[in-house]
Amino acid sequence: MAANVYYTKLESVFSTLRAQGIQTKKELDAPEHKALCQDLWLAARNFINYCALASKNHKGNTGNAGKLRALTERGMALDDIRGEILVHVMSKLDRVLAQPLEKQVNYVYHMVNNCVFDQMRKQPPAGIVVIHWEDKVGSGEAAEEKTTVQDQIADSLILEDEVAAKETVAERYQAKQREIIKELTHLAERPAEALAWLCTRYLDMKPAAVAKMLLQNHITSVYARVLKNIAQRYQMQPAAIYQCLAGSAITEAALKVDTQNETKVSAQVSRLVYRADRRLRRY
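Please read these numbers as outputs of a predicted model, since none were measured by experiment.

Draft legend 1. Summary view of the pattern of salt bridges. A full pass over the atoms with the stated rule returns 10 salt bridges. The partner of arginine 281 in a salt bridge is aspartate 277, with the nearest N and O atoms 2.8 Å apart.

Below is the structure:
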């Protein structure tokens, strides 16, 4: 891998961490290392976006640049791919710092390769049409002659199986409810982090989608809508969620909405998700 400014910058930051005796993510999270943490985040982001994901024709393969192009052609947003990889790398920082100093940047590079490969593996093969559970299929041309995929699958559950399945689902909902309340309690004083975390983790939204929603609607209405959707999806009492976040005012500046720049808002959402994840891992 050819050395460049992004490689050199990340290597320099890792060298500074080693010189200051920082060997774990927890140590880096200390308040006195806030500036260094930001330097690492920016260096890692630039290395991922403009070096690792820009590689071409490595050992006869198409490289990450070709794979990235294939993913975007299949409908994935470039900012979402980059953001997910950055969050993954930063969440696995302990593994990176455990490597010998001279191997740390290359280790990040291989992590990026693995993330891209995983994304490619999740995509359906070329030429395969993905059919939704409720899509209508059948040989008849008239709509009334077609049935949904769901209708064509025989229901083999007996009553006892159905009851057991419902109990299992109920238990999972209860566990998820407790998890949400616990996390919101720890994020109560940081409503921007809470909003980004809820959208990406519990509503399956990508940072780019969150950014678009924020720019198209007033931030307070977005906040209220997200909390309502969380309550509906996980069968919770809205009051239980609002109580966790009572008195927490959310601002446009905290999410970069005041810039009216979708790329900047999306990047900020990714940063907030990373911060929330880092904070919640302490508990």
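Draft legend 2. Representation of the environment of glutamate 102. Along the polypeptide, glutamate 102 turns up in the loop between helix 6 (93–97) and helix 7 (104–122). Considering only alpha carbons, one finds glutamate 102 and serine 15, 87 residues apart in sequence, at a separation of 8.9 Å.

Draft legend 3. Examining helix 12 (residues 219–233) more closely. Given a rise of 1.5 Å per residue, 15 residues ought to cover 21 Å, and the 21 Å separating the end C-alpha atoms of helix 12 matches this to within 8%. All of the buried residues along helix 12 are Ile219, Val222, Tyr223, Val226, Leu227, Ile230 and Ala231. Just beyond helix 12, the residue with positive phi is glutamine 235, at close to 55°.

Draft legend 4. Layout of the confidence of the model for the protein chain. Across the protein chain, pLDDT averages 82, with 79% of residues at or above 70. With pLDDT under 50 throughout, residues 154–158 is counted as low confidence; its partners more than four residues away or in other chains account for zero contacts.

Draft legend 5. Layout of helix 14 (residues 262–280). For helix 14, built from 19 residues, the straight-helix expectation of 27 Å at 1.5 Å per residue is met to within 8% by its first-to-last C-alpha distance of 27 Å. Of all 19 residues in helix 14, 14 are buried, a share of seventy percent or more. The N-cap of helix 14, judged by a side-chain oxygen 3.0 Å from the amide nitrogen of threonine 263 a few residues on, is asparagine 261.

Draft legend 6. Highlighting the environment of alanine 196. By the element assignment, alanine 196 lies in helix 10 (residues 191–202). Accessibility expressed as a relative area gives 1% for alanine 196, which makes it buried. Distance in space between the C-alpha atoms of alanine 196 and leucine 272 is 6.3 Å, their sequence separation being 76 residues. In this view, alanine 196 contacts Val269, Leu272 and Val273; residues no more than four positions away in its chain are not counted.

Draft legend 7. Geometry of a nonpolar patch on the surface. A cluster of nonpolar residues, Val5, Tyr6 and Tyr50, forms a patch on the protein surface that exposes about 280 Å² of accessible area. On the basis of relative accessible area, tyrosine 6 is assigned to the partly exposed category, the value being 30%.

Draft legend 8. Representation of the side chain of serine 270 within the structure. Structurally, serine 270 can be placed in helix 14. Those residues in contact with serine 270 that lie beyond four places of it in its chain are Gly83, Val87 and Pro207.

What counts and how
- Residues numbered from 1 in each chain as written.
- Predicted model: local features only at pLDDT ≥ 70, side-chain atom pairs only at ≥ 80, totals over all residues.
- Heavy atoms only, no water.
- Salt bridge = Lys/Arg side-chain N within 4 Å of Asp/Glu carboxyl O.
- Helix = DSSP H or I, 4+ residues; strand = E, 2+ residues; numbered from the N terminus.
- Expected span 1.5 Å × (residues − 1).
- Buried < 20%, exposed > 50% of the residue type's maximum accessible area, 1.4 Å probe, protein only.
- pLDDT = per-residue confidence, 0-100.
- Contact = heavy atoms within 4.5 Å.
- Polar contact = N/O pair within 3.5 Å; in protein donor to acceptor, adjacent residues only side chain to side chain.
- Patch = residues over 30% accessible without salt bridge, like charges linked within 9 Å, V, L, I, M, F, W, Y side chains within 5 Å.
- Areas by Shrake-Rupley, 256 points an atom, 1.4 Å probe, with all protein chains shown as cover.

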